[in-house]
Protein chains: 2
Amino acid sequence: MSHPRFFAPSASAPGDLVTLPDDEAEHLTRVLRLAPGDRVRVFDGRGAEFESVVEAADKSGVRVRIGVPIASVREARVAVTLAQAVLKGDKMDAVVRDAVMIGVAEIQPIVSARTESSTAALERGRRRERWERIAVSSAKQCGRAVVPPILEPKRLEDVALPSPVFVLVEPGAVSGLSLGESEMPAGGRASVLIGPEGGWTSEELDHAATIGRLLTLGGRTLRADAMALVALAALFARWREY
Amino acid sequence: MSHPRFFAPSASAPGDLVTLPDDEAEHLTRVLRLAPGDRVRVFDGRGAEFESVVEAADKSGVRVRIGVPIASVREARVAVTLAQAVLKGDKMDAVVRDAVMIGVAEIQPIVSARTESSTAALERGRRRERWERIAVSSAKQCGRAVVPPILEPKRLEDVALPSPVFVLVEPGAVSGLSLGESEMPAGGRASVLIGPEGGWTSEELDHAATIGRLLTLGGRTLRADAMALVALAALFARWREY
């Protein structure tokens, strides 16, 4: 049985004494009921992971002593930026959770014509902070030592994405486009752009076709909140990630 | 805007007057508030779909007149049997919904050592009937004219699955196995066998290795209820379904 894992962004080298973020401290003391002396693992969110020991857990917070570095779970061979149009309610939360689990490198929330929220409304609602917490939680569960950054939400027309860009479209919106060969991107980066519940407008499709390659995933209509997981699994399979 | 779709298992030829199942009748009258004269589509669950017209909607039920056949959404090239160990609570519902959406041919619920329910408990709880309703609902939403059968739940040691069988295992449970080449099965059939939340026991892994090929999907730990969608998307991609 491996030791429980915690996110400690300030961890950097063996011997360090680091204070856990509040959410992590709460998880350690209230949920797992760990105490000084207990062995844990901490990861820095940038790919490093360490054996560690709880040194103090009191009202002033939880401090852990960083121990030996350990091999972290390998990251995906292609660093994928998931550019996802913001979905309604908690559906976007599920997409963030699943995208981190399957192994994206970063998440770019997109505001499109049929997205319900504006970038201003997302900011007022502190949605990005919420998605960041979900990304940490998902990284803990799936075993990654990397917490993919949640980028500042941008309007579709304002976003610049790493190439090549794969634009997912509904069956019927365009015809005859598929994953095809889709060789692994030579530069080790790629982006996957996915629309909101109502799909892209025709103007957006025109714009998307200028920045990327449109593709559909079979003839069956996928739920908007499942599209990212299916597209990423399919691309990773094509790129010999599995 | 296409017409709403309903499941009418007794539809067989143009000119037929068919009575919709109760759930479908309720969806037509109470949710969509359709009435005699309204145009709909019906599919028989076995791959046929027809233009139709509501002819009566009253206390005795909803009857529709079957019109011309229309092209239904293409089924996947490989007919996949998803053999899924029954997950807790509503997680199995989500797997059934997603598996139908992505395009499996049939679903075989499995009782394994770490499955909470026995086959008898599943029967008492009428779980199979529930999953059948979810399969119908998902087929309606994703556009399929096929409703994949939900087979009678079986214990792992009693089940016989179409070959080749791909057995999904946790990262770390075995080493070095991946999708590899996984050419499209020559016989046009395949099975995907997926374990419960706690994974397979070592005895089950030994048994599974005798009936299929063990494989992992990357080093990241996938949630049990997301494993089917990721595995199916990856296999379909490898088999040029996309």
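Residues numbered from 1 in each chain as written. Chains lettered and ligands numbered in written order. Predicted model: local features only at pLDDT ≥ 70, side-chain atom pairs only at ≥ 80, totals over all residues.

Here the focus is the overall build of chain A. Counting secondary structure elements, chain A contains six helices and eleven strands. For 242 residues, the compact-globule estimate of 2.2 N^0.38 gives 18 Å, and the C-alpha radius of gyration of chain A, at 20 Å, lies within 12% of that figure. Counting every position in chain A, which comprises 242 residues, the buried fraction comes to 45%. The contacts of chain A with a sequence gap of at least 6 include a subset with a gap of at least 24, amounting to 74%. (Helix = DSSP H or I, 4+ residues; strand = E, 2+ residues; numbered from the N terminus. Rg over C-alpha atoms; globule rule 2.2 N^0.38 Å. Buried ≥ 20, exposed ≤ 12 C-beta atoms within 10 Å, placed from the backbone. Contact = placed C-beta atoms within 7 Å.)

Quick look at the nonpolar core now. Side chains of nonpolar character tend, in soluble globular proteins, to be buried together. Counting residues in hydrophobic clusters, the biggest one holds 156 residues, and the most contacted among them are Ala 234 of chain A together with Ala 234 of chain B. In contact with Ala 234 of chain B, not counting residues within four places along its chain, are Ala 233, Ala 234, Phe 236, Ala 237 and Tyr 242 of chain A together with Leu 179 and Leu 217 of chain B. (Core = buried A, V, L, I, M, F, W, Y, C linked by C-beta atoms within 7 Å.)

Another aspect to go through is the environment of Ser 72 of chain A. All names here are of chain A. Checked against the element boundaries, Ser 72 lands in the loop between strand 5 (61-70) and strand 6 (79-85). Judged by local crowding, Ser 72 falls into the partly exposed class, with 18 C-beta atoms found within 10 Å. Taking C-alpha positions, Ser 72 is 24 Å from Ser 191, a pair spaced 119 residues apart along the chain. Discounting chain neighbours no more than four positions away, the residues touching Ser 72 are Phe 43, Gly 47, Ala 48, Glu 49 and Ala 145.

It is worth spelling out the pairing of strand 5 of chain A at this point. Residue and element names in this part refer to chain A. Strand direction decides the pairing type here: strand 2 (residues 17-19) and strand 5, joined by three bridges, are antiparallel. By the bridge assignment, Thr 19 is partnered in strand 5 with Arg 63. Inspection of the sheet shows strand 4 (residues 49-58) paired to strand 5 by eight bridges, in the antiparallel sense. Paired with Val 53 across the strands is Arg 65, a residue of strand 5. Between strand 4 and strand 5, which pair antiparallel one after the other, the connecting turn spans two residues. (Pairing = 2+ DSSP bridges.)

Here we take up the sheet that holds strand 10 (residues 189-194) of chain B. Pairing within the open sheet is parallel, and its six strands lie in the order 8-7-6-10-9-11 (chain B). The open sheet terminates on both sides in strands that have one partner only, identified here as strand 8 (154-155) and strand 11 (213-215) of chain B.

The subject of this paragraph is the interface of chain A and chain B. At the interface, 29 residues of chain A touch 29 residues of chain B. Taken together, the elements giving at least two residues each to the side of chain A that touches chain B come down to helix 2 (91-102), helix 4 (127-142) and helix 6 (224-238) of chain A. With eight residues, the top contributor of residues to the side of chain A that touches chain B is helix 6 of chain A.

We now examine the relation of the copies chain A and chain B. Overlay of chain A on chain B (RMSD 0.0 Å): rotation 180°, translation along the axis 0.0 Å. Classification of the inter-copy transformation places it as that of a two-fold axis. Proximity to the rotation axis, assessed at the C-alpha, singles out Ala 234 of chain A in chain A; its C-alpha lies 2.4 Å from the axis. Counting the interface residues of chain A, we find that 100% of their copies in chain B are interface residues as well, pointing to one common contact surface. (Least-squares fit on C-alpha atoms with pLDDT ≥ 70 in both.)

Turning our eyes to something else, we now look at the packing of helix 2 (residues 91-102) of chain B against helix 6 (residues 224-238) of chain B. Residue and element names in this part refer to chain B. It is the contact of helix 2 with helix 6, at a shortest axis distance of 8 Å, that shows an interaxial angle of 10°. Of the possible angle classes, the one that applies to helix 2 and helix 6 is roughly parallel. Seen from above, helix 2 lies across helix 6 with right-handed handedness. In this structure, helix 2 contributes Lys 91, Ala 94, Val 95, Asp 98, Ala 99 and Ile 102 to the contact, and helix 6 contributes Ala 224, Asp 225, Ala 228, Leu 229, Leu 232 and Ala 233. (Axes fitted to C-alpha atoms, helices over the stretch in contact; angles between N-to-C directions. Parallel < 35°, antiparallel > 145°, perpendicular 65-115°, else oblique. Left-handed = near helix turned anticlockwise from the far one by under 90°.)

Next up on the list: helix 1 (residues 22-31) of chain B. All names here are of chain B. Turning to helix 1, its buried residues number three or more, namely Glu 24, His 27 and Leu 28. Each buried residue of helix 1 sits inside an arc of 90° when the element is viewed along its axis, so together they form one side. Looking at helix 1, the residues exposed on the side facing more than 90 degrees away from the buried face are Asp 22 and Arg 30. Close packing links the buried residues of helix 1 with strand 1 (5-7), strand 4 (49-58) and strand 5 (61-70). Trailing helix 1 by a residue or two, Arg 33 shows a phi angle of about 55°, which is positive. (Arc of directions from axis to C-beta.)

Across five bridges, the pairing between strand 3 (residues 39-43) of chain B and strand 4 of chain B is antiparallel. When the sheet's bridge partners are listed, Arg 39 of chain B is paired in strand 4 of chain B with Val 53 of chain B.

Moving on, we get to the domain arrangement of chain A. Residue and element names in this part refer to chain A. Domain assignment breaks chain A into domain 1 (5-70) and domain 2 (79-238). A separation of 32 Å is found between the C-alpha centroids of domain 1 and domain 2. Residue-level contacts link nine residues of domain 1 with seven residues of domain 2. (Domains from an automatic or database assignment.)

Looking now at the sheet that holds strand 5 of chain A. Remark on secondary structure: sheet strands pair via backbone hydrogen bonds, oriented parallel or antiparallel. Residue and element names in this part refer to chain A. The strand order across the open sheet formed by five strands is 1-3-4-5-2, and the pairing between neighbours is mixed. Since the sheet does not close on itself, it has two edges, and those belong to strand 1 (5-7) and strand 2, each with one partner. Averaged over all pairs of adjacent strands, the angle between strand axes in this sheet comes to 45°, irrespective of strand direction. In the packing of helix 1 (residues 22-31) onto the sheet, contacts are made with strand 1, strand 4 and strand 5, and the angle to strand 5 comes to roughly 90°.

The next thing to look at is the packing of helix 6 of chain A against helix 6 of chain B. The geometry of helix 6 of chain A relative to helix 6 of chain B is characterised by a closest axis approach of 8 Å and an angle of 45° between their N-to-C directions. If you check the angle between helix 6 of chain A and helix 6 of chain B, you find them oblique. Helix 6 of chain A and helix 6 of chain B meet at a crossing whose hand is right-handed. On the side of helix 6 of chain A, the interface is formed by Ala 226, Leu 229, Val 230, Ala 233, Ala 234, Phe 236, Ala 237 and Arg 238 of chain A, while helix 6 of chain B contributes Ala 226, Leu 229, Val 230, Ala 233, Ala 234, Phe 236, Ala 237 and Arg 238 of chain B. Tallied by class, the residues present in the contact of helix 6 of chain A with helix 6 of chain B amount to 14 nonpolar, no polar and two charged. (Nonpolar A, V, L, I, M, F, W, Y, C, P; charged D, E, K, R; others polar.)

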